[in-house]
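# What the coordinates show
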There are 2 protein chains.
Amino acid sequence: MAEAKATNITWHGGTVARADREKVLGQRGATIWLTGLSASGKSTVAVAAEAELVKRGRLAYVLDGDNVRHGLNKNLGFSPEDRTENIRRIGEVAKLFTDSGVIVFTSFISPYRADRDQVRELFEDGDFVEVFIDADVATCEERDPKGLYKKARAGEIPEFTGISAPYEAPEKPELVVPTKGVSVEESVALLVGYLEEKGFLASPQG
Amino acid sequence: MAEAKATNITWHGGTVARADREKVLGQRGATIWLTGLSASGKSTVAVAAEAELVKRGRLAYVLDGDNVRHGLNKNLGFSPEDRTENIRRIGEVAKLFTDSGVIVFTSFISPYRADRDQVRELFEDGDFVEVFIDADVATCEERDPKGLYKKARAGEIPEFTGISAPYEAPEKPELVVPTKGVSVEESVALLVGYLEEKGFLASPQG
């Protein structure tokens, strides 16, 4: 009977659990939430960590302004409500990736503690890893690869995080990754080492 | 110099391209967009196809009402604008999954041709596979596993697709999967066979 067969109940192929996907991948899905000032090195660390994991045969993916702001969140502006919705959607998408088994690095300033905490609440314990990419304003302003700090100082960019808008550093991040006075390789080794130590790079069933 | 090292330019670990992730997975990322009436069998086929792929050591994931409507799209209702935004966001998320290398099955009625076509436009050729899950209203109404058709006939659900709101069947879907008079196994074999034939289940570099 087609009608019975067309419900989940009589399908004997079984359904797939997150652990089954993780077994295929040999890793645990996770959201590695990088937060820090503009030019703190979030994207650099995210992209390099992704490369390191893929080199090891793991599946990692970076969510950043490039692939989110111009796509999913292109209908959001920079009002307080829109910034909060921006982070909320990124959190929900990261949760989907985590459930799929992917290790996803999110690379967004995400300056407000409340927004980040709301994202954390979406996740099961251990699925969400908050990483503070630690470089102070002076350091970031000195780097200023896109000239944004200069524009912010000139008043051309209103409410620029660290200059004219607050950055609320995490109080209890899972990990702090400094990017001042250390090489990218060192920063990435710290992050990937953490993931390895916590068991993210091995299949949940061993 | 920390400032130079903190830009992408001097990172020698290399960046990762989609093809690198696909090589790790041994598959091509894709969005398999299932469209059809309520109770046509979309979720059954999606879940069973996911199980079949994971059994084969591939990475597949299902986006459906359960994990999208209560998360990413929980702030959307059922007005025409919200329905369009619902499908748009799902399309953007599916695109991210596709870019990550995952084969993602989306299981949503998505009754409007214009909405589906807009999603298709987001993708590169070959990344988007529209699959019409073909069961007519009479068949779906006979199945009615959640009693929704009954409620719709009683006027308790306004604008119910197929009863009081239109369903615009795809004109040129990549694939038509019937679910009437065939077993779930047969429907899934048709879908997975298509993916195999088109090279989605092999690494892009062979």
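Before going into details, it helps to say that this report is about the structure given with it.

Basis of the calculations
- Residues numbered from 1 in each chain as written.
- Chains lettered and ligands numbered in written order.
- Predicted model: local features only at pLDDT ≥ 70, side-chain atom pairs only at ≥ 80, totals over all residues.
- Pairing = 2+ DSSP bridges.
- Helix = DSSP H or I, 4+ residues; strand = E, 2+ residues; numbered from the N terminus.
- Axes fitted to C-alpha atoms, helices over the stretch in contact; angles between N-to-C directions.
- Contact = placed C-beta atoms within 7 Å.
- Nonpolar A, V, L, I, M, F, W, Y, C, P; charged D, E, K, R; others polar.
- Core = buried A, V, L, I, M, F, W, Y, C linked by C-beta atoms within 7 Å.
- Buried ≥ 20, exposed ≤ 12 C-beta atoms within 10 Å, placed from the backbone.
- Expected span 1.5 Å × (residues − 1).
- Arc of directions from axis to C-beta.
- Least-squares fit on C-alpha atoms with pLDDT ≥ 70 in both.

### So, the sheet that holds strand S2 (residues 60–64) of chain B
Residues and elements named next belong to chain B. Read from one edge of the open sheet, five strands run S2-S3-S1-S4-S5, paired in parallel fashion. Two strands lie at the open edges of the sheet, namely S2 and strand S5 (175–178), each paired on one side alone. With direction set aside, neighbouring strand axes in the sheet form an average angle of 25°. Sheet analysis places strand S4 (residues 128–134) next to S5, joined by four bridges and oriented parallel. Paired with Asp 134 across the strands is Pro 178, a residue of S5.

### Let's talk about the interface of chain A and chain B
Each partner contributes residues to the interface: chain A has 48 residues there, and chain B has 47 residues. Looking at the side of chain A that touches chain B, the elements with two or more residues in it are helix H1 (2–5), helix H2 (18–25), helix H3 (42–55), helix H4 (65–72), helix H5 (80–100) and helix H7 (137–143) of chain A. At eight residues, the largest contribution of residues to the side of chain A that touches chain B is made by H3(A). Split into classes, the residues belonging to the side of chain A that touches chain B amount to 19 nonpolar, 16 polar and 13 charged.

### Quick look at the nonpolar core
Residues Ala49(A), Val93(A), Ala49(B) and Val93(B) are the most contacted members of the largest nonpolar core, which totals 112 residues. In this view, Ala49(A) contacts Ala60(A), Phe105(A), Val188(A), Leu191(A) and Val192(A); residues no more than four positions away in its chain are not counted.

### Considerations on helix H9 (residues 184–197) of chain A
Residues and elements named next belong to chain A. Here H9 is 14 residues long and its end C-alpha atoms lie 20 Å apart, about the 20 Å a rise of 1.5 Å per residue gives. Regarding H9, the residues found buried are Val 184, Ser 187, Val 188, Leu 191, Val 192 and Leu 195. Relative to the axis of H9, the buried residues are bounded by an arc of 120° and lie together on one face. Turned more than 90 degrees off the buried face of H9, the exposed positions are Gly 193 and Glu 197. Just downstream of H9, Gly 199 is the residue with a positive phi angle, here 90°.

### What to know about the environment of Val129(B)
Residues and elements named next belong to chain B. Mapped onto the fold, Val 129 is located in strand S4. For the pair Val 129 and Asp 64, spaced 65 residues apart in sequence, the C-alpha to C-alpha distance is 16 Å. Not counting residues up to four positions away in its chain, the partners in contact with Val 129 are Ala 30, Thr 31, Ile 32, Trp 33, Glu 174 and Leu 175.

### Brief notes about the environment of Ser40(A)
Residue and element names in this part refer to chain A. Examined against the element boundaries, Ser 40 turns out to sit in the loop between strand S1 (30–35) and H3. Taking C-alpha positions, Ser 40 is 34 Å from Arg 21, a pair spaced 19 residues apart along the chain. Excluding anything up to four places from it in sequence, Ser 40 contacts Ile 133, Ala 135, Cys 140 and Thr 179.

### What about the pairing of S4(B)?
All names here are of chain B. The element S4 is largely enclosed, with a buried count of seven among its seven residues. Burial along S4 is two-sided: the face carrying Phe 128, Glu 130, Phe 132 and Asp 134 and the face carrying Val 129, Val 131 and Ile 133 are both buried. In terms of strand pairing, strand S1 (residues 30–35) meets S4 through five bridges, oriented parallel. From the neighbouring strand, Thr 31 faces S4, where its bridge partner is Phe 128.

### Here's the deal with unusual backbone geometry
Keep in mind that most residues, glycine aside, have a negative phi and that most peptide bonds are trans. Residues and elements named next belong to chain A. The phi angle at Ala 39 is positive, at roughly 75°, despite the residue not being glycine. Among the secondary structure elements, Ala 39 is positioned in the loop between S1 and H3. A positive phi angle, near 35°, is found at Asp 144, a position not held by glycine. Here Asp 144 is to be found in the loop between H7 and helix H8 (148–153).

### Things to note about the relation of the copies chain A and chain B
For the match of chain A to chain B, the screw axis carries a shift of 0.0 Å, the RMSD comes to 0.0 Å, and the turn is 180°. Within this description, the copies of the chain are treated as partners about a two-fold rotation axis. Considering only C-alpha atoms, the residue of chain A closest to the rotation axis is Val93(A), which sits at 3.5 Å. The share of interface residues of chain A whose copies in chain B are also at the interface is 98%, consistent with both copies meeting through the same surface.

### Some thoughts on helix H2 (residues 18–25) of chain B
Every buried residue of H2(B) is accounted for by Arg21(B), Glu22(B), Val24(B) and Leu25(B). Buried positions in H2(B), seen along its axis, are confined to an arc of 155° and lie on one side of it. The inward-facing, buried residues of H2(B) contact H3 of chain A together with helix H5 (80–100) of chain B. Looking one or two residues past H2(B), Gly26(B) carries a phi angle of roughly 70°, positive in sign.

### Points about the sheet that holds strand S5 (residues 175–178) of chain A
Residues and elements named next belong to chain A. Taken together, five strands build an open sheet; the order of strands is S2-S3-S1-S4-S5 and the sheet is parallel. Lying at the two open borders of the sheet, with one neighbouring strand each, are strand S2 (60–64) and S5. Strand-to-strand twist of the sheet, defined as the mean angle between neighbouring strand axes without regard to direction, takes the value 25°. As paired elements, S1 and strand S3 (residues 103–107) share five bridges and run parallel to each other. Bridge pairing in S3 places Trp 33 opposite Thr 106. The sheet strands contacting H5 are S1, S2 and S3, and the helix crosses S3 at an angle near 160°. Packing against the sheet, H9 makes contact with strand S4 (128–134) and S5, and its axis sits at approximately 165° to S5.

The values are spatial; any link to function lies outside them.
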